[in-house]
Each structure stands twice: as C-alpha cells, then as structure tokens.
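# What the coordinates show
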Amino acid sequence: MLVDLDYFFAQCEEKRNLSIKDKPVVVCVYSGRTEESGAVSTANYIARSYGVKSGMPIYQAKKKLENVETIFLPVDYDYYEKVSGEVMRILRQFADLFEQVGIDEAFLDVTLRTNGRFQAAKELAERIKNELKAQLGLTCSIGVGPNKLVAKVAADQNKPDGLTVIEADNVEHFFSPLNVERLVGVGTITREKMQSMGIMTVGDLARYDTQKLMETFGKMLGIYFHNAAQGMDNEPVKERTETESLSRIATLKKDSRDTDFIMEKTEQLCTELHVAIVDQKVSFKTIGIIVILNDMSSHSKSRTLENPTDSLQTMKENVRDLFKQFFDETMLEARRVGVKISNLSHEKESQRQLTSFIQRNTD
Ligand code: TTP
Ligand code: MG
C-alpha cells in the first residue's frame, strides 16, 4: 500500500493551530525579492476549491482568494520534518517492509501480515488511518494494490481522506479509463506527446504498439510505459536506513575530563540513540565518540565490533572505554560530547519472514 498524507504542509499548520482549519490555508515559499514573490508550496482543500495549486505564483493565489479571509504562511520545513518523523514511526509498525519515499509518503509491503488478502489489507489501511487520526490528528489517503504502481495510482484516486483498494483482477478495469498523466512517470511534456499520438487514457496506452512507443520514447521508457499501462510493476518495497549513521551530541554543564561526569550526560545520548535504533529495527557495528574540547577543536574516535548489535549495554561500555582512551591522549577538557553509531544494518526479521513466506509458497 501507499500512504500519502493529505495537503501535508498545510495540514501540519492546521495541526498546530486548529483555529485556521475552516479557512483557506496557503503555505508559501517566499523568494524574498518582493513581499509577494515566490510560489505556493501547498494549500489546504478549501484553498484548492478556489483553484490554488502547488507551484502557483503567490500573487496568483492571492488573486484567486481576493475577497476571502485566507491564511498565508511561510514554509517551516523543520516542523514538517518533525511531524513526518512521527508519522513514519507509526506507519512503520504496520509494515513487513517499509519504504519512505518523500516527506509525506511511504510504501508498506503488507503481504505477509495479510496473507496476501485484500480484505485484510483494507482493514489494516483503515486501522492506519484511525491511528494517524487518533495519535496525530492527521488524515491521509491510502491506495492498496498488487504492486507499488497500482497502490500509488489508487492512493491518488480519492483525496483527501481516501482509501482505494484495487485487487489484481480489477487493475485493468480501474486503469483503462484514467488519463495517462495519472501514471507515474507521465508529466506534462510526455502527456502532450502522447495526446498528439492519440493516446488519451491509460487504456489507449496499453493498446498502443510497443515498438512505436519504444521509437518515440526510447527503449527503456517505451517498455516501461507499455508495462505500466497494464498495471505491471515488479519493484519491491525496499527497506532502507535513511541514514548511514546516527549520532547525538550535547554540551556538558561544565568543561570536564572526568569520565564518570561525562558518562552521566553520554548515557542519556546512548539511550536516545537506542530508542531510535530499536524503532528503526537496525543494528550497529561501529560505535564512536565525538569530543569538542575547550579549545574548540573537534575529535572523534571509534571502534568496530565483531558482530552487529543493538545492545544499549554494549553501546555504553564501548563509549566509556573510548572516552578513557581519549583522555589518556589529551590534557584538555571536553566542552561538548557525542555518540555516533554507524555501519548500520537492518535486523533480519523481515528477511526471515520473507524467506519463510517464499518457502511456504513454493513448497
Ligand atoms: P504532495 O503529497 O504532492 O502534496 P500534498 O500532501 O500537499 O497534497 P495531497 O493531498 O495532494 O497529497 O506533496 C507533499 C508536500 O510536498 C506538500 O505538502 C508540500 C510539498 N510540495 C511542494 O513544496 N511543492 C510542490 O510542488 C509539491 C507537489 C509538494
Ligand atoms: Mg501528500
């Protein structure tokens, strides 16, 4: 399934200020040249009903909303990132395999936990919607399908607050009347080109001569369009660690080279990191410390373990050792200290489930 948050940046703004919810809300990227220069990042659905869209110049949006009390706000990426983190943390719990694809979108492979049953997937999607609503007060649109492409197109079908389930047998029926630009990878230029070839709908594209598609768009894209138009897609949901490493750093209450005093602060950092890795189901193999000394010079020291682990105890022990070693080599005091883990790997749980699933189904 694909989960896509509705009018995300504007919905985040509504979340922190409920009083704007019943008004048009337009989130803007101000370029700073003049007071009104810049573009619309996104808008809530009330503003959209006046014709406001992502990418539109701000003055144009203002014109469309001329006599309407409208809330214009500047983008606040840090805040949206934070909300996004909370959303993803919830979504991840519902997936066998999880792949975030944008600030407000993620693919969830739920094949194992639903035994491949669409009815169960639909119920799961409803639970996800309820959970996001209850915990964060946010709405999303979900598409469920036999593959990523169909799930994505389905998610776009009923917005906002939609849920669209397309079973394998229904893909052709669902896809063929759609305008071609609904397909992932068909932008304005491609759409115009296709229209000039008489291809208006996905069905038209599905029936179009593959050879000619390849001649017009190149071999790779031609084949892609041909397959995509039939709803065919074999891309797996790819688990990935968003970050190669995770770190936390903090300022000490006073400059120090006392390992016990430093460990008091550092143990907190370890605990924070531990929460993050348990959450993301990752293990680390390399652990390091970061030290900024009172002469403002910055240092790091790390060691690589024999095997990956997610143990908090191991983390703390190694960090303490590293600090001891570090202060053997310097006379200065630390001002800021940090912990960094790298060489991250996903725990094998999803892998194991997948293998047993494949085995079960090929027996
Ligand atoms: P989208 O998911 O494409 O849009 P949306 O969440 O605002 O609306 P929808 O209900 O249709 O899903 O993009 C996610 C965020 O990315 C969006 O809230 C703001 C940002 N964005 C831009 O800044 N510029 C753009 O042109 C687009 C499309 C999105
Ligand atoms: Mg969205």
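Residues numbered from 1 in each chain as written. Chains lettered and ligands numbered in written order. Predicted model: local features only at pLDDT ≥ 70, side-chain atom pairs only at ≥ 80, totals over all residues. Heavy atoms only, no water.

Once that is clear, we can look at the overall build of the protein. Looking only at helices and strands, the protein features 14 helices and 13 strands. C-alpha extents for the protein along the principal axes are approximately 75 × 65 × 45 Å. With 363 residues in all, the protein has 44% of them scored as buried. Pairs at least 24 residues apart make up 61% of the contacts formed inside the protein by residues separated by at least 6 positions. Taken as two groups, the 48 positive and 54 negative side-chain charges of the protein have centres that lie 1 Å from each other. (Helix = DSSP H or I, 4+ residues; strand = E, 2+ residues; numbered from the N terminus. Buried < 20%, exposed > 50% of the residue type's maximum accessible area, 1.4 Å probe, protein only. Contact = heavy atoms within 4.5 Å. Lys, Arg positive; Asp, Glu negative; His and termini not counted. Charge placed at Lys NZ, Arg CZ, Asp CG, Glu CD.)

The omega torsion across Lys159 and Pro160 is -5°, close enough to zero to call that bond cis. At Lys281, a position not held by glycine, the phi torsion is positive, near 55°. On the accessibility criterion, Lys281 (39% relative accessible area) is partly exposed.

Another point: the packing of helix α10 (residues 210–217) against helix α11 (residues 219–229). In the contact formed by α10 and α11, the axes pass within 7 Å of each other and the chain directions differ by 135°. Classified by the angle between their axes, α10 and α11 sit oblique to one another. Relative to α11, the crossing made by α10 is right-handed. Residues Thr210, Leu213, Met214 and Phe217 of α10 pack against Lys219, Leu221, Gly222, Ile223, Phe225 and His226 of α11. (Axes fitted to C-alpha atoms, helices over the stretch in contact; angles between N-to-C directions. Parallel < 35°, antiparallel > 145°, perpendicular 65-115°, else oblique. Left-handed = near helix turned anticlockwise from the far one by under 90°.)

Among the surface-exposed residues, Val184, Leu221 and Tyr224 lie close enough to one another that they form a single nonpolar patch of about 230 Å² accessible area. Assignment of secondary structure puts Val184 in the loop between α7 (171–175) and α8 (188–196). (Patch = residues over 30% accessible without salt bridge, like charges linked within 9 Å, V, L, I, M, F, W, Y side chains within 5 Å. Areas by Shrake-Rupley, 256 points an atom, 1.4 Å probe, with all protein chains shown as cover. Salt bridge = Lys/Arg side-chain N within 4 Å of Asp/Glu carboxyl O.)

Below, the discussion takes up the sheet that holds strand β7 (residues 140–144). Here five strands make up an open sheet; going across it, the order is β5-β6-β1-β7-β8 and the pairing mixed. Each edge of the open sheet carries a strand with a single partner, namely β5 (97–102) and β8 (163–165). Each neighbouring strand pair of the sheet contributes to a mean axis angle of 15°, computed without reference to strand direction. As defined by bridge partners, strand β1 (residues 2–5) adjoins strand β6 (residues 105–109) across three bridges and the pair is classed as antiparallel. The residue bridging Asp4 from the neighbouring strand is Glu105, located in β6. Of the strands in this sheet, β6, β7 and β8 touch helix α5 (residues 118–136), which is tilted by about 165° from β7. In the packing of helix α6 (residues 148–155) onto the sheet, contacts are made with β1, β5, β6, β7 and β8, and the angle to β7 comes to roughly 140°. (Pairing = 2+ DSSP bridges.)

What follows covers the sheet that holds strand β3 (residues 38–43). Strand order in the open sheet made by the three strands is β3-β2-β4, with mixed pairing throughout. Two strands lie at the open edges of the sheet, namely β3 and β4 (71–74), each paired on one side alone. In this sheet, neighbouring strand axes are inclined to one another by 35° on average, regardless of whether the strands run parallel or antiparallel. Here strand β2 (residues 25–30) pairs with β4 via four bridges, running parallel.

Next up on the list: the site of ligand 1. Near ligand 1 you find 13 residues, and of these Tyr7, Ser41, Thr42, Tyr45 and Lys159 are the closest. Contacts to ligand 1 include Tyr7, whose backbone N or O atom sits 2.7 Å from an oxygen atom. Residue Lys159 places a side-chain N or O atom 2.8 Å away from an oxygen atom belonging to ligand 1. Here ligand 1 loses 69% of its free accessible area of 550 Å² to cover by the protein chains. (Near = heavy atom within 4 Å. Polar contact = N/O pair within 3.5 Å; in protein donor to acceptor, adjacent residues only side chain to side chain.)

Glancing now at the layout of surface pockets. What the largest pocket holds in volume is close to 560 Å³. Around the largest pocket, the lining comprises 18 residues; the ones closest to its centre are Tyr45, Arg48, Lys53, Ser54 and Lys159. Contributions of two or more residues to the lining of the largest pocket are made by β1, β3 and α2 (45–48). Here the residues of the lining of the largest pocket are counted per class, giving six nonpolar, two polar and ten charged. (1 Å grid on protein atoms, 1.4 Å probe; cavity = no way out; pocket = protein on both sides within 12 Å on 5 of 7 lines; lining within 4 Å. Points joined across faces, edges and corners; volume = space filled by probe spheres on them. Nonpolar A, V, L, I, M, F, W, Y, C, P; charged D, E, K, R; others polar.)

Considering all chains together, one arrives at 23 salt bridges under this definition. In this structure, Arg89 engages Asp279 in a salt bridge whose closest nitrogen and oxygen atoms are separated by 4.0 Å. Taken as a pair, Arg89 in helix α4 (residues 77–92) and Asp279 in helix α12 (residues 259–279) lie far apart in primary sequence, 190 residues in all. Assessed through its relative accessible area of 43%, Arg89 is described here as partly exposed.

Moving on, we get to the confidence of the model for the protein. In the predicted model, the protein carries a mean pLDDT of 91, and the fraction of residues at 70 or more is 94%. Here residues 349–363 scores under 50 on pLDDT; set against residues more than four positions off or in separate chains, the count is nine contacts. (pLDDT = per-residue confidence, 0-100.)

As a further point, take the packing of aromatic side chains. Within the structure shown, the criterion is met by ten aromatic pairs. Their ring planes at 20° and their centres at 4.3 Å tell us that Phe9 and Tyr80 sit as a pair that is stacked. Of the two residues, Phe9 sits in helix α1 (residues 8–16) while Tyr80 sits in helix α4, which places them 71 residues apart along the sequence. Comparing Phe9 with Tyr80, the two get one shared label, buried. Across the ring face of Tyr79, the terminal group of Arg16 is positioned such that the distance to the ring centre comes to 3.9 Å. (Phe/Tyr/Trp six-rings, centres within 6.5 Å; stacked < 30°, edge-to-face > 60°. Lys NZ or Arg CZ within 6 Å of the ring centre and 35° of its normal.)

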